[in-house]
Amino acid sequence: MIAPVQGKVGQPVTFEGYADDYGNHIVALEFSLDGGKTWAVQDTSDSNPDLMIHWTYTYTPEEEGTYQLKVRSVTEDGRRTPLAAVADLYVEA
């Protein structure tokens, strides 16, 4: 679980966290704000498999409401995290 974030309509909100697959090389991170229907990909293929990856993801909400960011990793053999990390975003006008 990632800490919840507060935001305002039209203002960028940046999430951050760390990813690690304990020696397996993470070559990408995927982010979804629509329940996992679509994923934005961040290439991390130049990362060191022995170190955690510090990531950031910026989103600008266009409407009030509650959003949920899902984050998962992809290893060099194509495995995706079976259970995505989740962060809640509370947006007000």
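For clarity, every value in this text was computed on a predicted model and none was experimentally measured.

Undergrad: Sorry, what's going on with the overall build of the protein chain here?
TA: Per the secondary structure count, the protein chain includes zero helices and seven strands. Each helix and strand of the protein chain, placed in order from N terminus to C terminus, yields the pattern β-β-β-β-β-β-β. Taking 93 residues into account, the globule formula puts the C-alpha radius of gyration at 12 Å, and the protein chain, at 14 Å, falls close to it. Overall size of the protein chain, expressed as C-alpha extent along the three principal axes, is 45 × 25 × 20 Å. The burial tally for the protein chain puts 37% of its 93 residues in the buried class.

Undergrad: Is there a simple way to think about the nonpolar core in this case?
TA: For soluble globular proteins, nonpolar side chains are generally found buried alongside one another. With 17 residues, the main nonpolar core has Phe-15, Leu-29, Phe-31, Trp-55, Leu-69 and Leu-89 as its most contacted residues. If you list the elements that add at least two residues to this core, you get β2 (13–19), β3 (26–32), β5 (53–59), β6 (65–75) and β7 (85–92). In this structure Leu-29 touches Ala-19, Ala-40, Val-41, Gln-42, Thr-44, Ile-53, Trp-55, Arg-72 and Ser-73, once residues within four positions along its chain are discounted.

Undergrad: How should the packing of aromatic side chains be read in this particular structure?
TA: For any two aromatic rings, the description comes down to two numbers: the centre-to-centre distance and the angle of the planes. As enumerated under the stated definition, the model contains three aromatic pairs in all. Put simply, the rings of Phe-31, Trp-55 and Tyr-57 touch in pairs and so form one group of aromatic residues. Just above the ring of Trp-39 sits the side chain of Arg-72; from NZ or CZ to the centre is 3.7 Å.

Undergrad: Which parts of the structure should I look at to understand the pattern of salt bridges?
TA: Where charged atoms from two side chains of opposite charge approach closely, those side chains can pair. Applying the stated criterion across every chain, the model contains five salt bridges. The partner of Lys-8 in a salt bridge is Glu-92, and the shortest N-O contact between them spans 3.2 Å. One end of the pair, Lys-8, is in strand β1 (residues 5–8); the other, Glu-92, is in strand β7, with 84 residues separating them in the sequence. Accessibility expressed as a relative area gives 36% for Lys-8, which makes it partly exposed. Through salt bridges that share partners, Asp-21, Asp-77 and Arg-79 make up one connected network.

Conventions used here
Chains are numbered independently. Their residues run from 1 in the order of the written sequence. It should be noted that, the model being predicted, local features are given only for residues of pLDDT at least 70 and side-chain atom pairs only at 80 or more, the latter also being counted only at that level, while totals for whole chains, interfaces and linings use all residues. As a rule here, side-chain values cover all heavy atoms of the structure and leave hydrogens and water aside. In this description a helix means any DSSP run of H or I spanning at least four residues, a strand means any run of E spanning at least two, and both kinds are numbered starting from the N terminus. Restricting the calculation to C-alpha atoms gives the radius of gyration, and the globule rule supplies 2.2 Å times the number of residues raised to the power 0.38. Only protein chains enter the accessibility calculation, which uses a 1.4 Å probe. A residue is then buried if its area is under 20% of the maximum for its type, exposed if over 50%, and partly exposed in between. By nonpolar core is meant a set of buried Ala, Val, Leu, Ile, Met, Phe, Trp, Tyr and Cys residues that side-chain atoms within 4.5 Å join together. Every residue pair with non-hydrogen atoms within 4.5 Å of one another is taken to be in contact. A pair of Phe, Tyr and Trp rings is counted when the ring centres sit within 6.5 Å of each other, with Trp represented by its six-membered ring. The angle between the planes then sorts it: under 30 degrees is stacked, over 60 is edge-to-face, the rest tilted. Counting as a charge over the ring demands two things of the Lys NZ or Arg CZ atom: a distance within 6 Å of the ring centre and an angle within 35 degrees of the ring normal. Salt bridges are counted wherever a side-chain nitrogen of Lys or Arg sits within 4 Å of a carboxyl oxygen of Asp or Glu.

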